[in-house]
Each structure stands twice: as structure tokens, then as C-alpha cells.
Amino acid sequence: MQTANTATAAFDARSGGIVMAPDLARATLTGALQQRKAEGPTVFAALESLSTDLTQRVASYGSLSKVPAEATSNVRNDMYLVLDTTRLATKQPDDFQPDELKAIKAFQTSLEAGTRFIPLWVKIVVAIALGLGTMIGWKRIVITVGERIGKQHMTYGMGATAELVAAATILSADRFGLPVSTTHILSSGVAGASVANGQGLQGRTIAQLAAAWLLTLPAAMALSGGLYWLMLTVVKAYGLS
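How each quantity is defined
Residues numbered from 1 in each chain as written. Predicted model: local features only at pLDDT ≥ 70, side-chain atom pairs only at ≥ 80, totals over all residues. Heavy atoms only, no water. Helix = DSSP H or I, 4+ residues; strand = E, 2+ residues; numbered from the N terminus. Rg over C-alpha atoms; globule rule 2.2 N^0.38 Å. Buried < 20%, exposed > 50% of the residue type's maximum accessible area, 1.4 Å probe, protein only. 1 Å grid on protein atoms, 1.4 Å probe; cavity = no way out; pocket = protein on both sides within 12 Å on 5 of 7 lines; lining within 4 Å. Points joined across faces, edges and corners; volume = space filled by probe spheres on them. Nonpolar A, V, L, I, M, F, W, Y, C, P; charged D, E, K, R; others polar. Contact = heavy atoms within 4.5 Å. Salt bridge = Lys/Arg side-chain N within 4 Å of Asp/Glu carboxyl O. Patch = residues over 30% accessible without salt bridge, like charges linked within 9 Å, V, L, I, M, F, W, Y side chains within 5 Å. Areas by Shrake-Rupley, 256 points an atom, 1.4 Å probe, with all protein chains shown as cover. Axes fitted to C-alpha atoms, helices over the stretch in contact; angles between N-to-C directions. Parallel < 35°, antiparallel > 145°, perpendicular 65-115°, else oblique. Left-handed = near helix turned anticlockwise from the far one by under 90°.

Observations regarding the overall build of the protein chain
Within the protein chain one finds 9 helices and 0 strands. Going from the N terminus to the C terminus, the protein chain shows its helices and strands as α-α-α-α-α-α-α-α-α. Relative to the 2.2 N^0.38 estimate, which gives 18 Å for 241 residues, the radius of gyration of the protein chain is 24 Å and therefore markedly larger than a compact globule would have. Projected onto its principal axes, the C-alpha positions of the protein chain cover 70 × 55 × 30 Å. Taken over 241 residues, the protein chain has a buried fraction of 29%.

See the structure below:
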């Protein structure tokens, strides 16, 4: 809370006395992000307005984890707007005093932690789904990755190389907040090791993997949407809401 107040004060000091409603602030920050230009009194007035509104809303619930589901989307969207705009604004650190810059960086850290917040039940459900999927389909996964990507079976050196590359790539993606798939990374690492070892690749397997990667997103969207519609229909039909 203290870092948010200090950061908001820094924005207010550069707002030129402009008072802006939250709705207009959202539109202003959206435009600034689209133009990749976060400077001037109007932008800082928008930052001050939306940061203040955001802090008050979260404080009224007690903590981010207690924000109602129907309000979570709006709160997170505002967090993303403020976070990304402040990152643009602080690309010229000389425009801020050291104490202000430190407070803004701390504010960014808290916003980033908030946008990455995942409810405990979601973590549990995802872990169970991944565990069951691996228990059921592990043999096919192992055979495909270990024997069917390259034209020959993997050696210990190739496996170690692919794993090291996968680990480094995943750690880097986590550090920079990049959306990646561990399966895609590992499969690509195995393919690279096979090529480097002079084995070559099995074209049919590579084509099947590529098709699966392309179909994963729309298929997952369709399944998720269908399940949501089914559960919503059941809830309404039996008056469970």
C-alpha cells in the first residue's frame, strides 16, 4: 500500500493538476500503449487516477485473493494497463527522483505479482489433470520423443543436451514472463540434437507434431467453451447458482 501511494504521488506530481475519471484514464493508457509512448501530463494523470482507483478497490476487498470472481477480470485488466504503462514511462529513469523510481519499481513488482495470482483450486486441478494425463499416456510420449523424432534412438548425450536446452529455455521464459510450452521446447530440443548428431528427422513424426501444435489452441478453446456452456446450462437448469 505504501509503495502504491508513493508511486501514485509521483504520477500526480507530473499530471499538471489534471483530474481524470477512471474510464477516461483507461482509454488514455490504452492509447499510450498502442502508440508505445507514455509521457506528458495527460498520461501521468491517467496513471494517477487508475492507480488510486485500483488501490482503493483492492483495499476494499482486503486483498487480491478476496476479489469476487465477477470483478477479477476488470481488476486485472487495470493492473495490466498500469503495469505496462509505467514500464514505458520508466524507460527514461532520469525523469524521476531515485526515491520515486524505487517506489514505482516496487509498485510494478506488486502489480506483476497480482496479475500472476492463481487461485489454489486452479493449481490443484491443473496438477491433477497433468498427473493423470502423464500416468495414462506416458508410454506413447516416451516412445514418440525418444524414438520417433530422430531416425535413430537417442543416445545419453543427446538426451542430456536436449534436457539442458529445455531447462535453460524454460527458466529464461519464466524469468521474462514468456508464454511457452514445455512439450514443444523439449521436442524441439530433441529434434535439434538429432540433426546435430547427423541422424536426421522422421518427416512423418515432425508433421504430426506440427499439426498437433497448430490444432492444440483451437481444440482447447472449443473444449473449454463447450464445457463452460454445459456446466452453465446444468447450473441454470437445476437452480444451483
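Additional details are given in the paragraphs that follow.
Some thoughts on unusual backbone geometry
In the Ramachandran plot, Arg36 falls in the positive-phi region, its phi being about 55° despite a non-glycine side chain. Tracing the backbone through its elements, the reader meets Arg36 in the loop between α2 (22-35) and α3 (41-61).

Concerning the layout of surface pockets
If a probe as big as a water molecule is rolled over the atoms, it shows which places are left empty. Approximately 1300 Å³ is the volume found for the largest pocket. Around the largest pocket sit 28 residues that line it, and Ile141, Ser181, Thr183, His184 and Thr216 are the ones nearest its centre. Within the residue set of the lining of the largest pocket, elements represented by two or more residues are α6 (120-148), α8 (182-196) and α9 (203-237). Among the elements that make up the lining of the largest pocket, the one with the highest residue count is α6 (11 residues). A breakdown of the residues in the lining of the largest pocket according to their chemical character gives 13 nonpolar, 12 polar and 3 charged.

Side note on the side chain of Thr205
Here Thr205 lies in helix α9. Thr205 gets classed as buried once you look at its relative accessible area, which sits at 7%.

Re the side chain of Thr8
Turning to its location among the elements, Thr8 is positioned in helix α1 (residues 2-13). Residues within four places of Thr8 in sequence aside, it is in contact with Glu48, Ser51 and Thr52.

With respect to the pattern of salt bridges
As enumerated under the stated definition, the model contains 9 salt bridges in all. Put simply, Arg57 and Asp53 hold a salt bridge, and the shortest N to O gap is 3.0 Å. Residue Arg57 and its partner Asp53 are located together in helix α3, separated by 4 residues, close to a single helical turn. The partner of Arg87 in a salt bridge is Glu112, and the shortest N-O contact between them spans 3.3 Å. Here Arg87, found in helix α4 (residues 69-89), pairs with Glu112, found in helix α5 (residues 98-115); they are 25 residues apart in sequence, far enough to count as distant. Given the relative accessible area of 36%, Arg87 is considered partly exposed.

Re the environment of Ala129
You can see Ala129 is positioned in helix α6. Residues Ala129 and Ile141 lie 12 residues apart in sequence; the distance between their C-alpha atoms is 16 Å.

Description of a nonpolar patch on the surface
Where nonpolar side chains cluster on the molecular surface, the patch consists of Leu120, Ile124, Ile128, Leu132, Met135 and Ile136 and spans about 680 Å² of accessible area. Its place among the elements puts Leu120 in helix α6.

Quick word on the packing of helix α7 (residues 156-176) against α8
In the contact formed by α7 and α8, the axes pass within 8 Å of each other and the chain directions differ by 140°. Considered as vectors, α7 and α8 are oriented oblique to each other. Relative to α8, α7 is oriented so that their crossing is right-handed. Two secondary-structure elements touch here, α7 through Met158, Ala162, Glu163, Ala166, Thr169 and Ile170 and α8 through Thr182, Ile185, Leu186, Gly189, Val190, Ala193 and Ser194.

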